[in-house]
Every structure is written in structure tokens, then in C-alpha cells.
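Secondary and tertiary structure notes
Listed below, chain by chain, are the residues.
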Amino acid sequence: MPLHVPPAPAPALRSVLAALASPTAVHEAHTPSLRALQGPLTAELPLPVHVLDRLGISQPAAGGRPPRTRLTGWRFLIRSADRYVAAADTRLTPDGWAFSHFFEGPYVAATERALRQAESLGKNYQPRLLSVPELYMLTLWLHGAVGADASSGLPAGEDLLVPLAPAPPGIAAYRPHPVSELLPVLTHRLTPATAPAPPTLAAPAA
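Rules used in this analysis
Residues numbered from 1 in each chain as written. Predicted model: local features only at pLDDT ≥ 70, side-chain atom pairs only at ≥ 80, totals over all residues. Heavy atoms only, no water. Helix = DSSP H or I, 4+ residues; strand = E, 2+ residues; numbered from the N terminus. Buried < 20%, exposed > 50% of the residue type's maximum accessible area, 1.4 Å probe, protein only. Contact = heavy atoms within 4.5 Å. Areas by Shrake-Rupley, 256 points an atom, 1.4 Å probe, with all protein chains shown as cover. Core = buried A, V, L, I, M, F, W, Y, C linked by side-chain atoms within 4.5 Å. Pairing = 2+ DSSP bridges. Phe/Tyr/Trp six-rings, centres within 6.5 Å; stacked < 30°, edge-to-face > 60°. Lys NZ or Arg CZ within 6 Å of the ring centre and 35° of its normal. Salt bridge = Lys/Arg side-chain N within 4 Å of Asp/Glu carboxyl O.

Take the overall build of the protein chain next. Regarding its fold elements, the protein chain presents five helices and eight strands. Secondary structure of the protein chain in N-to-C order comes out as α-α-α-β-β-β-β-α-β-β-β-β-α. In the protein chain, buried positions account for 41% of the 206 residues. Intrachain contacts of the protein chain at a sequence separation of at least 6 include 55% that bridge at least 24 residues. Accessible surface, the protein chain as shown: approximately 10300 Å² in total, 58% of it carbon and sulfur.

Counting 17 residues, the largest nonpolar core has Val16, Leu20, Leu34, Ala43, Phe76, Ile78 and Phe102 as the members making the most contacts within it. Elements with a minimum of two residues in this core: α1 (10-20), β2 (68-80), β3 (83-93) and β4 (96-103). Examining the composition of this core, we find that four residues originate from one element, α1, more than from any other. With residues up to four places along the chain from it excluded, the contact list for valine 16 reads Ala43, Phe76, Ile78, Ala88, Thr90 and Phe99. Listed in part, the 16 residues of the second largest apolar core include Leu3, Leu140, Leu160 and Tyr174.

Before going further, it helps to spend a moment on unusual backbone geometry. Excluding glycine, residues mostly have negative phi values, and the peptide bonds linking residues are mostly trans. Cis peptide bonds are those with omega within 30 degrees of zero, and the linkage from alanine 165 to proline 166 qualifies with 5 degrees. The residue proline 166 is located in the loop between β7 (160-163) and β8 (177-178) in this model. Phi angles above zero are rare outside glycine, and alanine 81 is one such case at about 60 degrees.

Glancing now at the sheet that holds β8. In spatial order, the strands read β4-β3-β2-β1-β5-β6-β7-β8; together these eight strands make up an open sheet with mixed pairing. Two strands bound the open sheet, and with one partner strand each, they are β4 and β8. As paired elements, β7 and β8 share two bridges and run antiparallel to each other. Across the sheet, the residue bridging to leucine 160 is proline 178, located in β8.

This paragraph deals with the packing of aromatic side chains. Summed over all chains, the structure comprises one aromatic pair. Residues phenylalanine 99 and phenylalanine 102 carry aromatic rings whose centres are separated by 4.7 Å and whose planes lie at 55 degrees to one another, so their mutual orientation is tilted. The ring of tyrosine 174 has arginine 113 lying over it, and the distance from NZ or CZ to the ring centre is 3.8 Å. Against the face of tryptophan 141 rests arginine 128, its NZ or CZ located 4.6 Å from the ring centre.

This part takes up the pairing of β4. Two elements, β3 and β4, share seven bridges in a ladder whose sense is antiparallel. Across the sheet, the residue bridging to arginine 91 is alanine 98, located in β4. Two successive antiparallel strands, β3 and β4, enclose a turn made up of two residues.

Another aspect to go through is the pattern of salt bridges. One pass over the structure, following the stated rule, counts four salt bridges. Here arginine 79 makes a salt bridge to glutamate 44, at a shortest N to O gap of 2.9 Å. Of the two residues, arginine 79 is situated in strand β2 and glutamate 44 in strand β1 (residues 41-53); the sequence distance between them amounts to 35 residues.

Set out below in C-alpha cells:
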């Protein structure tokens, strides 16, 4: 399998499984699908969630500081029978990893679709999620260092970022972009227009 899904911290997985087994936690979740299901639920495909910081101040005019990433949680897709119906997020607390919340919506299906697409690329990657909060954007980060610590590291130029739907205007969802290609476009959107804008990364012509 080309994708090397990193193992999640055991306490993070245990917290999600405990929440799934709790009728109160499931009933109080803002996820109609979870509340309506009667069969067993499983937590699969753990993905570390990283946030890309300082994107808007990474230009030389702002001191040339590069963006940095920080781990904010682990996300699990929740499976019922043959489909994913929701996701569960965990967060790091002073006492360790803890369950945060369940959710459903477009990013659940988008994550599954992007992972399936990544498997067809025929290359070895470690899948992660990379959030760009300044642009309300979430991407599947395909990291080339498959044995790396999933909790740290910066996107390498040859890594791929796959925007998930809904993506910002002018950026095609599900189209893999090298970091070296996509990052300048994202940075330009958050800095004053001092030069012609790079081309938008729309979907290729059919």
C-alpha cells in the first residue's frame, strides 16, 4: 500500500473508542449520522492534524521568516459498515491526549476521497492533514519521509498538498500540488500585491 498511515498515540485512540462506546457522548454529538446508527462503529485512518502558521508574514519584506507547522491533534474517520459517517478529533491537554469532538460534513467525504486518490499515485507517502486557517483551507499533506515522526516536521518542497473540498476560489480541490508550487500561491493571497499574482491553480482542462 503506497500510503504509510502513522500510528496514533495510544491514549488518543483510547479516548475516541471510549467516546464511541459512551451513549451520552454519541447522543450529545452534533452528528445526526452517529445518533441514528445502531451497528458497531470503528475508528480508522488516524491522521495527525498540523496547522501552518505565519503564512502571511513569510515574505522577505516581512523579515523572510518561513512558515512553521505545529501539531494540534489527531483525527480519526469513523466507519459504520462499509462507509465513513463522521470523524473524531482529539487534542493534547496537560494530562495527555483527550477526545475533543465528533463531527460530520464535507471534509469527511473529502478526506476519504483524497486518501483513495493518493493511493493511486503509486508512490510512498505518509498522509497527514495540514490546515491553513488564514485561508479557511484544509489539505491532505503527503509527506515523502514515510518513517518520520508524524508529530513534527515541515512540508518539504517535493511533498504534495491535496486541497480538500471546499477549497478556496481559484484552487482546485483534489488536485495534488508540490509544496514548492502551492505555497507561494497561498502566501501571495495574504500579502500586499507588490508583483503580478501567480496563476491560479484551477483544475486542468478536460
